[in-house]
Amino acid sequence: MLQNFFQGDIRTDEDGAIQELLRAILVRAQFVPAARHALGWRGLRQSVTTAVEGWTARIEEYDGVFGICFNGSKKENGWVIGAFNLSYFPAADEAMVERCSLRAAACSQRPDYMSLIRDFLQHEEMVSLFYTGTLFLALDTRQKSLYLGMQSLTAQRTIARKGIKLPHNGSEIWAVNPGGYDQNFPSLSVTQAFFNVLAASLSFNLEQPPGWLIERRFPGIEIIYDDKTTQNIPAPDIEEVLTGLGYGDGRFDALFETLAGTGRVPIREIRWLGKDAIPPEYSERKWWTAPHLTTWKTLNKKGLGIDERPPLIILTGFLGAGKTSFLQHFIEYQTQRSRFIAVIQNEIGNIGLDGKLLDYKVTEIDEGCVCCSLAGNLKRALQEILSNFQPDFIVLETTGAANPFNLLDEIRDVEDLVRYDCTATVVDAVNLDHALSNFQVAVEQIKAADVLLLNKCDLATEASLQKACKQIRNINPKAMVFMTERGDLNPSLIFDVDDRWAKKYISPDINDSELSVHHSHIHDGLWCKTLYITGSVNRDEFLSLVKSLTSSIFRIKGIVEFEDTPRPMLFQYVAGRFELSLFPSPDIQERFLTVIGQGKDSDIVNDLASKGSITLDRTELNKAG
Amino acid sequence: MSEDKGQFSRRDFFKGAAMGVLGGTALGMGLFSYSPWRKAYFPEVKRKMVDIGVCKSVKVTNISETSWFKNAVLMSDIKAAGGLLVNQYTYNWPPFGDGTGLGKGSYENGIAKIKHLLPNNLEEAWRVTEKLSVSPDNAGGFAALIEVEEMSGRKHKFLLDSGWSYKWMDESFKREGIDQMLRNNEIEAFIISHEHFDHFWGIPVVFKYNPNITTYYPQGLYPEGLQYLKDAGHKGKLIQVKSGALNPIVPGFATYNFPVPIICRVYGEQSIYANVKDHGLVSITGCCHFGIIQFSETAFREIAYEKNQLYGIYGGLHISPFEDWDPKYDDLVISLGKYGYQKIGCNHCTGVLCAKKFIERGYPVQKGTARFRSPDPAYLGNGDKIGFGIEV
């Protein structure tokens, strides 16, 4: 039963093996993005200290973070039972904070709250303050059956008999009135939410649903305290709830009695065995359907809440803003997590340089502007990709001169194939002014964005950064803005990871009347030319030419080789600033420069072309768009 | 403060308090109490400080870190074969191709085509499998030579992993002289980090030159892997390294198996710790699937090492195998910054941009030469060497 995901040995090291089992359940549920998402995970992090292993996690529909830490194991009736404390750290702005204890609420507003959560295993009080329930994981010593259970109160309530006064503006105010609640936390629903995701993950890993279920409720208690005494008293409206699931063929009843304790009188009990109808209270839980996720290729995915369409990200940004740099980071990040990205690019210029920079399957659509020439082609490119691969993400990288608004019709046309995720626009913090004042399309790109990356922040002054921020905020007040250097931004900050974002960015936020207009784009007088270079060029001559360029040349990129260093170099030029670096694949044969400028043809093209080794491409792209 | 009918808002109150005059004093002055529902108790675990001895120096030669040549090919194969949870032996990759196509293979059917050729006729075996397998040209492999010098000056050589492609690995072995070292019994043990295709499937290339070599494998190897060790012609001593326990091999040199599920149905990864005199602990890893933090914390918990210093690290550094819940947090900083590693040689699954970030942040990354199909000098690439306690 276990062998696909657990190879530990419960007989030799009980504490170690039961933690190893939880680790295996948690970790293996993260591998496949669609399954991970469908199971309800929204992020997981291992917290290791020398003493115990713990985890922090986010799950669907909860803004806060859950903390799990091992709390010991015992051996009984042929079972090894591990107990794990579950804590819930609500987000600082979450309404749930009001129902935490005052002390926990105070903690949640500390500036270092998030790092306290990350390191909660180093602060025992964090576990106690935010404790919400206990999880039990048990494995029989034959390793043939598994038990997963939880224990929680419908509410954790503490009453401050004498109330609590806190100093405020020189006087004292009642934070809790006498006899009021210090804490009244809805523990059961929070604990159950996490238990559901964990149990679904166990079903998923075992590839089978539980065959045994129990729920037993006992009368609950609340705590009443003052400065002298603390008492537990019966609370008529609070219940203690224990739930357990059994997998495989084990003596679950005996195990459960151990956990529930003898001599207590329950209020009620639900008991279910594999052949009965599932109790209605539990019929909707994911742990019944999760086993099918492993064979989801053949299943009705909609019924399981799986959207098979990969998310589509539109990546825009004006010429030279740093789209490719961002894409490189994005791809590496996903690759390290074993995810597969398909990139669709359309480059201005005859040669798709960016395709050569990326170790990825790249389908380059017709060159030229997406909005002008893509009609029908995006769908074809997507169909081709989807029939050959199952990418986890698809990125459509538009040319720097494209207006993303013109893509929206196309996106609607491919909604059956992909799930539109967001439009991310990379903005060049250094050359923003120039772009905005000369090119309406640069404005449109910012306007269309759900996410704005203000890039090259390392090259801009503080004052100009602030100004740039203001400018883009004026154009687009709704988008998330991130400051980046060299396009380096953790992709999960912006893409897909969370439902909250999905809700916010469900579709491009523009109305239909705007759609009918063909938005302005490259007809701002931009042109593009490709210069082919045969052999190597003189470094000094080349660089002095480059330095003499006027502002009418906006962007150059390509591959050159100098007489003094016979290796292909990547040349990147944006508005007066340039960079030379070794081209990653030394075997590349092409030597070329793609030049984009505005207005009258600059002399550089002719100057470069007049050097014997450089020939001007015959098919000049005066239209560039 | 909240204007909600004079309701006391805890969030508003403490938000102000945290930044204003009150600071954290309300808590400290005991102005209000709280009664914990459950007092957490963390067992006090003492560092075990196991003495694994000490060595004079460790030298690592990167035989190959290029596990595959095209990531796009690899990932699309995995995807099309059923995904990351699927048993790797079913992919129909070399050397276990049986001609039935992607995702339809099995160990038994694959090995049947080449078993008679292992380990002595690998050229022919590879020719056979090239025809029957999916994406045979994409196979590369990961392997490293580790040279440990005892305080007495006595030297030991170990081989970490065998790579994947028979062809590529044989070339790589010859390039670094590993074939001769194996033949001459200079390499005293072969250490298998984990069962992944790119680390493990090239084992016949090792056994071709020395079938009697002592071999350490991690607990968690699946039955196919154990059978492959036999079918590939291994005749020597076979030692299982148990999870969660140090496995000392020579003074100052031990391995440790981390029990963790890994993609493509693999379980557990064995890594190496070396305690270098006057320098500190050196960690050598295949992929570090368990994460660099656990690697470092385990070292701290288990081992006594020189100067209490985590000194060096070599190999593929999986920073985080899955998605963190807080993307704003930069694992890079805590993982390598926090532990204060003084010499880093990284490659394989680290990510070139990630390696470049280490360099940008001023971490002591030893650069490579980007030869023999290694992608970038930020990696300690194929044919490059790194020394700990010794200059190379």
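Note that this is a predicted model, so its numbers are computed, not measured.

What counts and what doesn't
- Residues numbered from 1 in each chain as written.
- Chains lettered and ligands numbered in written order.
- Predicted model: local features only at pLDDT ≥ 70, side-chain atom pairs only at ≥ 80, totals over all residues.
- Helix = DSSP H or I, 4+ residues; strand = E, 2+ residues; numbered from the N terminus.
- Buried ≥ 20, exposed ≤ 12 C-beta atoms within 10 Å, placed from the backbone.
- Contact = placed C-beta atoms within 7 Å.
- Nonpolar A, V, L, I, M, F, W, Y, C, P; charged D, E, K, R; others polar.
- Domains from an automatic or database assignment.
- Pairing = 2+ DSSP bridges.
- Core = buried A, V, L, I, M, F, W, Y, C linked by C-beta atoms within 7 Å.
- pLDDT = per-residue confidence, 0-100.
- Axes fitted to C-alpha atoms, helices over the stretch in contact; angles between N-to-C directions.
- Arc of directions from axis to C-beta.

Chemist: If you had to explain the overall build of chain A to someone new, which residues and values would you point to?
Modeler: Counting its secondary structure elements, chain A contains 19 helices and 26 strands. Looking at chain A residue by residue over its 625 residues, the buried ones come to 52%. Taking the intrachain contacts of chain A between residues at least 6 apart in sequence as the baseline, contacts between residues at least 24 apart amount to 71%.

Chemist: Tell me about the overall build of chain B, and please be specific about residues and values.
Modeler: What chain B contains, in helices and strands, is 13 helices and 15 strands. Of the contacts formed within chain B by residues at least 6 apart in sequence, a portion of 67% connects residues at least 24 apart.

Chemist: Provide a residue-level description of helix H13 (residues 352–360) of chain B, including the pertinent values.
Modeler: For H13 of chain B, the set of buried residues is Leu353, Ala355, Lys357 and Phe358 of chain B. Looking one or two residues beyond H13 of chain B, the residue adopting positive phi is Gly362 of chain B, at roughly 85°.

Chemist: Run through the interface of chain A and chain B, naming residues and quoting values.
Modeler: Listed per partner, the contact involves 75 residues of chain A and 68 residues of chain B. Of the residues that constitute the side of chain A that touches chain B, the class distribution is 31 nonpolar, 26 polar and 18 charged.

Chemist: Can you tell me about the domain arrangement of chain A, naming the residues and giving the values?
Modeler: The domain boundaries assigned to chain A delineate domain 1 (14–299), domain 2 (311–522) and domain 3 (525–616). Here the C-alpha centre of domain 3 of chain A lies 62 Å away from the C-alpha centre of domain 1 of chain A.

Chemist: Which residues make up the pairing of strand E11 (residues 280–285) of chain B, and what values go with them?
Modeler: Residue and element names in this part refer to chain B. Within E11, six of the six residues are buried, which leaves it mostly tucked inside the rest of the structure. In textbook terms, the turn of a hairpin is the stretch between consecutive antiparallel strands, and for strand E10 (residues 266–276) and E11 this stretch comprises three residues, one of which, Asp278, has a positive phi near 65°. Bridge count for E11 against strand E13 (residues 310–316) is five bridges, and the pairing is parallel. Directly across from Val282, in E13, lies its bridge partner Gly312.

Chemist: Can you tell me about the nonpolar core, naming the residues and giving the values?
Modeler: Within soluble globular proteins, side chains that are nonpolar tend to cluster in buried spots. In terms of nonpolar packing, the biggest core is built from 280 residues, with Ile394 and Val427 of chain A together with Ile146 and Ala274 of chain B touching the most fellow members. Not counting residues up to four positions away in its chain, the partners in contact with Ile394 of chain A are Pro310, Leu312, Ala342, Ile344, Leu382, Ile385 and Val418 of chain A.

Chemist: Kindly report on the confidence of the model for chain A, identifying the contributing residues and their values.
Modeler: Residues and elements named next belong to chain A. In the predicted model, chain A carries a mean pLDDT of 80, and the fraction of residues at 70 or more is 82%. The lowest-confidence element of chain A is helix H17 (residues 512–515), averaging 33 in pLDDT; the highest-confidence one is strand E6 (residues 146–153), averaging 97. Low pLDDT (under 50) marks residues 616–625, which in the prediction has 29 contacts with non-local residues, meaning those over four places away or in another chain.

Chemist: I'd like to hear about the pairing of strand E23 (residues 569–574) of chain A, residue by residue, with values.
Modeler: All names here are of chain A. Bridging between strand E22 (residues 553–560) and E23 involves six bridges; their strand directions are antiparallel. By the bridge assignment for E23, Arg555 is matched with Val574. Bridge count between E23 and strand E24 (residues 577–582): six bridges; the pairing is antiparallel. Bridge pairing in E24 links Gln572 to Glu579. In sequence, E23 turns back onto E24 through a hairpin of two residues, with Ala575 there showing a positive phi of about 40°.

Chemist: Outline unusual backbone geometry, supporting the account with residue identities and numerical values.
Modeler: Residues and elements named next belong to chain B. Cis geometry is adopted by the peptide bond preceding Pro95, which originates at Pro94 and carries an omega value of 0°. Checked against the element boundaries, Pro95 lands in the loop between helix H3 (71–80) and helix H4 (107–114). With an omega of -5°, the peptide bond between Leu118 and Pro119 qualifies as cis. Within the secondary structure, Pro119 is located in the loop between H4 and helix H5 (122–132).

Chemist: Explain the confidence of the model for chain B to me, and be specific about the residues and the numbers.
Modeler: Residue and element names in this part refer to chain B. Of the residues in chain B, 88% reach a pLDDT of 70 or more, and the chain-wide mean stands at 88. Below pLDDT 50 for its whole length, residues 1–5 participates in six contacts with residues either more than four positions away or in separate chains. Across residues 19–33, where pLDDT falls below 50, the model places 15 contacts with residues more than four positions away in sequence or in other chains. Reported confidences for the modelled complex are a pTM of 0.83 and an ipTM of 0.89.

Chemist: Got a sec to walk through the environment of Arg577 of chain A? Specific residues and values, please.
Modeler: Residues and elements named next belong to chain A. Tracing the backbone shows Arg577 in strand E24. In this structure Arg577 comes out as partly exposed when scored by C-beta crowding, with 13 C-beta atoms within 10 Å. Along the sequence, Arg577 and Ala106 sit 471 residues apart, while their C-alpha atoms lie 50 Å from each other.

Chemist: Can you lay out the packing of H5 of chain B against helix H6 (residues 166–176) of chain B for me, pointing to particular residues and giving the numbers?
Modeler: The contact between H5 of chain B and H6 of chain B brings their axes to 9 Å, and the two run at 145°. Along its contact with H5 of chain B, which presents Leu122, Ala125 and Trp126 of chain B, the element H6 of chain B presents Tyr166, Lys167 and Asp170 of chain B.

Chemist: Tell me about the environment of Trp168 of chain B, residues and numbers included.
Modeler: Residue and element names in this part refer to chain B. If you trace the backbone, Trp168 turns up in helix H6. Given 23 C-beta atoms within a 10 Å radius, Trp168 is considered buried. Linking Trp168 and Gly140, residues 28 residues apart in sequence, is a C-alpha distance of 5.8 Å. Ignoring sequence-local partners within four residues, the contact set of Trp168 consists of Ser64, Ala139, Gly140, Gly141 and Gly163.

Chemist: I'd like a description of helix H7 (residues 252–260) of chain A, backed by residues and values.
Modeler: Residue and element names in this part refer to chain A. By the burial criterion, the buried members of H7 are Phe252, Leu255, Phe256 and Leu259. Looking straight down H7, one finds that the buried residues subtend no more than 100° of arc, so they occupy a single side. Summarising the geometry of H7, the exposed residues directed more than 90 degrees from the buried face are Ala254 and Glu257. Buried residues along H7 sit against strand E4 (79–89), strand E5 (131–140), E6, strand E11 (212–225) and strand E12 (230–247). Gly261 lies just past H7 and shows a positive phi near 85°.

Chemist: Describe the environment of Pro261 of chain B, and please don't skip the residues or the numbers.
Modeler: Residue and element names in this part refer to chain B. Considering the arrangement of structural elements, one finds Pro261 in strand E9 (residues 253–262). By C-beta crowding, Pro261 is classed as buried, having 26 other C-beta atoms within 10 Å. Distance in space between the C-alpha atoms of Pro261 and Val73 is 24 Å, their sequence separation being 188 residues.

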